[in-house]
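Residue-level structure breakdown
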Amino acid sequence: MENAEGRGRELPKAYDPAAIEDRWAEYWVRERLFEVKTPDEAALAGLRSEGHDVFTILLPPPNVTGRLHMGHMLNQTEMDILTRWRRMRGDLALWLPGTDHAGIATQMMVERQLAEEGKTRQDLGREAFVERVWEWRRHYGGAILDQMKRLGASVDWSREYFTMDEHLSVAVREAFVRLYEQGLIYRGAYIVNWCPRCQTAISDLEVTHEEQQGKLWEIRYPVVGADGEFVTVATTRPETMLGDVAVAVHPLDERYQKYLGKKLRLPLTDREIPVIADEWVKSDFGTGAVKVTPAHDPNDFEIGKRHGMPAIDVMDETAHMNAEAGIYAGLDRYAARKRVLEDLEAQGLLGTVREHVNAIGKCDRCKTVVEPRLSTQWFVAVNKEPKTGGASMAELARRAVRDGHIRITPEQYSKVYLEWMDNIYDWCISRQLWWGHRIPAWHCGTCKQITVAREDPDKCAHCGSVEIRQETDVLDTWFSSGLLPVSVFGWPQPARDFDVFYPTQLLVTGFDILFFWVARMIMLGCWFSKDVPLEDGSKREAKDAVPFREVYIHALVRDAERQKMSKTKGNVIDPIEIVKRYGTDAVRFTLASMASPGTDIAFSEARTEGYRAFANKIWNAARFIFMNVEKAREAGIEVDRAVLGGMPPVARDAPIEARWIVARLNSQAAEVNGALGEYRFHEAANTVYQFFWGDFCDWYLEIVKLRLDFSKGADKAAAKAALTTLVQTFEAALRLLSPFMPFLTEELWHAVYEGEPPAKSIALTPYPVTGLGGQQHSGAKLLYSHVGGHAVAWTLTEMENLQRVVTAIRRLRKERSVPEKEQIRAHLYSATQSPVVGIVKHREILGSLARVSWIDVSATPLSGPNVRAEPDFDVAIDYEPVIDMAAERERLTKEMARLEKAAASAEKQLGNPAFLGKAPAQIVEGLKKQAAETRMLMEKTRQALEYLGSQVSSGAEAPNY
RNA sequence: GGGCGGUUAGCUCAGCCGGUUAGAGCGCCUGCCUUACAAGCAGGAGGUCGCAGGUUCGAGCCCUGCACUGCCCA
């Protein structure tokens, strides 16, 4: 722990995050603080008997090619806060990190590298290329996790995984084979989304739709044997006409009855195609006649199948026209479109051209326009019941959420999820890539059948032929990441890890991968884990088959102008960059304080600056405290470190600020714990902020200064008690803050213990929980022997009164331009004899905070120029009035207007019999009290205005004519 | 086209079960270098809660419509 210890006098004046963060980040990893050993039965039982549990959370694995962005940082900050919190609360908290092999992205990255050397992957060949990718991964694949380490993520690095690791690949293969055996994986020729740039099929989810202004062309198809007659079709993709096999009309469309069964001449080709009738055709769209191109459109494919038509593929895998396209062969699809249109025009077969907005699909990864393409792919039949009986994968996944076994926050996403699941199609899982899990299927060259096997076969399972070769396609990356919740814990092998850590507790992720990943994990997790018995050998019920019990969907991080961050816009904020400038803690705190469930985050540096100031504030509070610890030591007073670490006990007769700050610590700790339990990060963060700055620094520290007199002749016992509460409260407050600001709190916490901490890290100490302070110290009469006692309420009220009087006097001083440092005399009056007047006994505090040298309680109402009226008391100061008459009149007039409005509204309500009859008594009482206060304030304000008027008329401030 | 959000102070956002006079940070104005902190302290100004109806004793919150805006799906 070199350099960890720090004495107050050694701390620099301003907090410099850069000076400490790297050191602690390394320390946490080096000391293996967050590694979790799989507990044996006894350990687990012990944990549970103490009311704790296992808390498992999976890191959504970033792509190996990835660089950390703000979304990651938000995601990780939230997970880290929750994990640190649960760990400090006593749970066995396991946060499991890893990376995703990210098929397309990684392959693209390495191909780009090769291109710079003037090579293609084909030049290398599959094996060498894959080896090259592995090499790339060994070199650069750890970058994003290194960034994570720098951010202080409290993950268990000993369990780090990579989705292509040996044991995870075994799970992928097992899953594929099992689904195949259950009849849930099939291979077939279908229209898929094809990316001509990536040259692979992609799933429906990987296609993003964009509205685009395009054109709708009408093309005339001559009717064979009826000179001069045409059937006109409308299309947005004219080049595909070369693959037309028919023209379809609605069977009831009268316009086309006469052509049914007739042949049309397909322009630009020498083919003739029939006119067919199909219910799917919408008569009111376009001309009511549609071209049927089964190889290039999913709907046409269905029509073609219904009518037993062939599919003519006119494009190759790069979206260039192929030999089927005749003279257009070799042209790119758009060049072909242009030529086709020109030629149609020349032949007089082009009809009306209309502007048309259509949604075009683009490849999620490279933004290339996707081409619907007929090809042979592998699919998971998610809606099909397995041969062995039971519900389909989608159905199980639906039930998991519908039956509440998985709770999604914010709740609205449950609905989104269920609707998607209700409309889910079969999942295309094959990709024409080289990097990924190769599909464990072998094609027989002899009998043409397929062998799917767990172990690489050497002959065909059907005919025994050795002429077999493995499928060249690999699996969709999401197939392997969808298995993670089961595979990371050892599935399909029986494993203690699985027994202990599955289901995981929570998944924290963004909405963007709800379908990609979350839904797939639910499908695959429920599916495979249901066959794994529980620890005690009993059957696993649905509620324990889920991959996680809760899902928290977080917001999107946008820039300060609410724009989505994107490379093209150039508004991407690099977390590492901003962390360097403000410190990790400040950035984490910014994200946490804005992370309100369901709302996007507009990241603003102004906020981060504010939280850097907050860190500095705490740093300086620490300097102040350490300075006093030193002073006390010189006077022979030591704070016993053994009393640190819990909630501070405080005696009933302790000074007000001590009783108050402990009461606040307890109530704010309760708030923070409650907020974190409901993922209300912003509320938790704001509560800690308010407590530390508003309560601890602004009020408590200012008052406690009065008690820290260690000079000769001072009350040493009182000073020691004050110092002890101060250090105890600060130490507890650091623990309260530490999940949010782990670096700063770690540094200061070690400094509190002066290099002899009771644990290796603040992260391994107990989190402050309300009401535990009292029991630890028997004997003395303690304020906090139980929560919410009368003494606590009284302390809070007394302090609040003190604060209100101090603030009122400060305000009055400002209004009357009393110099900041000048001590003055003050008077307090309360007509209602409220407990407010009791605060005059705190003369020292008033002297220090309000610069009041003397204060008394007046028996009669206060009057004159230097009075300030509050609802339940008045204060006055003795000071030669320097009144800005105009400003004062404006203030009072405004005040009067506000009061009149309030009074009118209150009277209206109180005059309403229905209100009096129906509203709860407590509301009515409250309103009456408030109305009375308003009336009193109005009266006082009226008097003050009158007084002002008299001053003017008597000439005190009258202008000289 | 269908669905789901959002619209509250100059800016970014809170506002929980409908309940008394709607909050915070930043920014702004004023005064202070009060030996923990000027990345600070103290005080202040600033809001018809998008618009129009409705329900209710009572609406920022519930309902209906509209406007603007964002997202998802087709």
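Residues numbered from 1 in each chain as written. Chains lettered and ligands numbered in written order. Predicted model: local features only at pLDDT ≥ 70, side-chain atom pairs only at ≥ 80, totals over all residues. Heavy atoms only, no water.

Here the focus is the overall build of chain A. Across its full length, chain A carries 29 helices and 29 strands. Its C-alpha atoms put chain A at 115 × 75 × 60 Å along the principal axes. Per-residue burial for chain A yields a buried fraction of 55% across its 961 residues. Considering only contacts in chain A between residues 6 or more positions apart, those separated by 24 or more positions represent 76%. Accessible surface, chain A as shown: approximately 42,500 Å² in total, 50% of it carbon and sulfur. (Helix = DSSP H or I, 4+ residues; strand = E, 2+ residues; numbered from the N terminus. Buried < 20%, exposed > 50% of the residue type's maximum accessible area, 1.4 Å probe, protein only. Contact = heavy atoms within 4.5 Å. Areas by Shrake-Rupley, 256 points an atom, 1.4 Å probe, with all protein chains shown as cover.)

Let's shift gears to the sheet that holds strand 20 (residues 468-470). Strand pairing in a sheet relies on backbone hydrogen bonds, with the paired strands running either antiparallel or parallel. If you walk across this open sheet you meet the three strands as 19-18-20, and the pairing is antiparallel. Lying at the two open borders of the sheet, with one neighbouring strand each, are strand 19 (450-452) and strand 20. If you compare each strand with its neighbour and ignore which way they point, the axes differ by 30° on average. Bridge count between strand 18 (residues 441-444) and strand 20: three bridges; the pairing is antiparallel. Residue H443 lies in a different strand from strand 20, and its bridge partner there is R469. (Pairing = 2+ DSSP bridges. Axes fitted to C-alpha atoms, helices over the stretch in contact; angles between N-to-C directions.)

What follows deals with the packing of helix 20 (residues 605-634) against helix 23 (residues 716-737). Two numbers describe how helix 20 lies on helix 23: the axes approach to 11 Å, and their chain directions differ by 150°. Taken together, the axis directions place helix 20 and helix 23 in an arrangement best described as roughly antiparallel. Our pair here, helix 20 against helix 23, has a crossing hand that is left-handed. Contacts from F614, I618, A621, A622, I625, N628, V629 and A632 in helix 20 reach L723, L726, V727, F730, L734 and L737 in helix 23. For the contact of helix 20 with helix 23, the class distribution of residues is 13 nonpolar, one polar and no charged. (Parallel < 35°, antiparallel > 145°, perpendicular 65-115°, else oblique. Left-handed = near helix turned anticlockwise from the far one by under 90°. Nonpolar A, V, L, I, M, F, W, Y, C, P; charged D, E, K, R; others polar.)

So, on to helix 7 (residues 143-150). Within helix 7, burial applies to I144, L145, Q147, M148 and R150. G152 lies just past helix 7 and shows a positive phi near 85°.

Quick look at the environment of C460 now. Mapped onto the fold, C460 is located in the loop between strand 19 and strand 20. Judged by its relative accessible area of 3%, C460 is buried. Spatially, the C-alpha atom of C460 lies 8.5 Å from that of C447, the residues being 13 residues apart in sequence. Each residue touching C460, except ones within four places of it in the same chain, is listed here: C444, C447, T451, S465 and I468.

We now examine the side chain of N801. Looking at the secondary structure, you find N801 in helix 25 (residues 790-815). N801 sits in the buried class, given a relative accessible area of 6%. Once you skip the residues sitting within four places of it in the chain, N801 turns out to touch P835, V836 and I839.

Bringing the sheet that holds strand 10 (residues 263-265) into the picture now. The strand order across the open sheet built from four strands is 10-11-9-12, with neighbouring strands paired in mixed fashion. In the strand order of this sheet, the two ends are held by strand 10 and strand 12 (289-292), each with one partner. The average angle at which neighbouring strand axes cross in this sheet is 35°, direction not considered.

Moving on: the nonpolar core. When a protein is soluble and globular, its nonpolar side chains tend to lie buried together. Counting residues in hydrophobic clusters, the biggest one holds 142 residues, and the most contacted among them are F696, F730, F740, L748 and L828. Per-element tally for this core: the top contributor is helix 22 (residues 681-704), with 13 residues. Apart from the residues lying within four places of it in its own chain, the contact partners of F740 are I81, D585, R588, F589, A592, V672, L676, A684, A685, V688 and Y767. Counting residues in each nonpolar core, the second largest holds 73 residues, with V36, A391, M421 and L483 among its members. (Core = buried A, V, L, I, M, F, W, Y, C linked by side-chain atoms within 4.5 Å.)

What follows is about unusual backbone geometry. Where the residue is not glycine, phi is negative for most of them; where a peptide bond is considered, it is trans in most cases. At the junction of T409 and P410, the peptide bond is cis and its omega measures out at -10° in the coordinates. Considering the arrangement of structural elements, one finds P410 in the loop between strand 15 (407-409) and helix 12 (412-422). Along the chain, W491 connects to P492 via a cis peptide bond; the corresponding omega equals 10°. By the secondary structure assignment, P492 is in the loop between helix 14 (484-487) and helix 15 (496-501). Unusually for a residue other than glycine, L268 sits at a positive phi of about 70°. Positive phi values are uncommon outside glycine, yet E754 reaches one of about 50°. As for its position among the elements, E754 is in the loop between helix 24 (742-752) and helix 25.

With that out of the way, let us pick up the pairing of strand 23 (residues 548-554). Buried residues dominate strand 23, accounting for six of its seven residues. Note that strand 15 and strand 23 share three bridges and pair parallel. Opposite I408, over in strand 23, you have V551 as the bridge partner.

The next thing to look at is the confidence of the model for chain A. Taken as a whole, chain A shows an average pLDDT of 83; of its residues, 93% reach a score of 70 or greater. Within the model, the stretch residues 772-782 combines pLDDT values under 50 with 19 contacts to residues more than four positions away or in other chains. Note that pLDDT drops below 50 for residues 953-961; the model gives that stretch five contacts with residues more than four away or on any other chain. Both confidence scores are given for the complex: pTM 0.84, ipTM 0.92. (pLDDT = per-residue confidence, 0-100.)

Right, let's talk about the packing of helix 18 (residues 575-582) against helix 20 for a bit. Closest axis-to-axis distance for the helix 18/helix 20 pair is 10 Å, and the angle between their directions is 40°. Looking at the two axes, helix 18 sits oblique to helix 20. Classified by chirality, the crossing of helix 20 by helix 18 is right-handed. Residue-level inspection shows I578, R581 and Y582 of helix 18 in contact with helix 20, the latter providing E605, T608, E609 and R612. Taken together, the residues of the contact of helix 18 with helix 20 break down into two nonpolar, one polar and four charged.

The next thing to look at is the pattern of salt bridges. Evaluated as defined, the whole model comprises 57 salt bridges. Between D22 and R150 there is a salt bridge whose closest N-O contact spans 2.7 Å. Residue D22 is found in helix 1 (residues 17-30), and its partner R150 is found in helix 7; the two are separated by 128 residues along the sequence. What makes D22 partly exposed here is its relative accessible area of 37%. (Salt bridge = Lys/Arg side-chain N within 4 Å of Asp/Glu carboxyl O.)

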